[in-house]
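Each chain is listed here by its residues.
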Amino acid sequence: LVTFADRLQTSIEERGSFICAGCDPVLDSFPAFVLEEADKGSPSTEEYIYRAITGFYSRALDTLAPHIACIKPNLAFFE
């Protein structure tokens, strides 16, 4: 059985980092180009929000992944 603690320890060792990135999706703080891209063809507010969040975090996580041990989403933002 591989536990979360085991996976976290492996990630820390592989990356040489114990940094945990927090994810708080505040749309007002996203870059304008991400919001403009999300707005193109979005049929609803929900779709716009989904596209903005996934667009921003896809880019951010691709950039951060080699340098951080884990990610902590703020679940309250996603509920």
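Please read these numbers as outputs of a predicted model, since none were measured by experiment. (Residues numbered from 1 in each chain as written. Predicted model: local features only at pLDDT ≥ 70, side-chain atom pairs only at ≥ 80, totals over all residues. Heavy atoms only, no water.)

A.B. asks: What am I meant to see in the packing of aromatic side chains here?
C.D. replies: For any pair of aromatic rings, the description rests on two quantities: the centre-to-centre distance and the angle between the ring planes. Within the structure shown, the criterion is met by 3 aromatic pairs. Ring centres of Phe30 and Phe56 lie 4.3 Å apart, and the angle between their planes is 15 degrees; on these two criteria the pair is classed as stacked. Of this pair, Phe30 sits in the loop between β1 (20–23) and α2 (32–39) while Phe56 sits in helix α3 (residues 45–64); the two residues are 26 residues apart in sequence, bridging distant segments of the chain. The exposure class of Phe30 is buried, given its relative accessible area of 6%. Seen in terms of ring centroids, Phe30 and Tyr57 are 6.0 Å apart; in terms of plane orientation they differ by 85 degrees. Their pairing is edge-to-face. Taken as a pair, Phe30 in the loop between β1 and α2 and Tyr57 in helix α3 lie far apart in primary sequence, 27 residues in all. Comparing Phe30 with Tyr57 shows no difference in burial state: the two are buried. Three or more aromatic residues link up through ring pairs in this structure, and these residues are Phe30, Phe56 and Tyr57. (Phe/Tyr/Trp six-rings, centres within 6.5 Å; stacked < 30°, edge-to-face > 60°. Helix = DSSP H or I, 4+ residues; strand = E, 2+ residues; numbered from the N terminus. Buried < 20%, exposed > 50% of the residue type's maximum accessible area, 1.4 Å probe, protein only.)

Function cannot be inferred from these measures alone, as they are strictly geometric.
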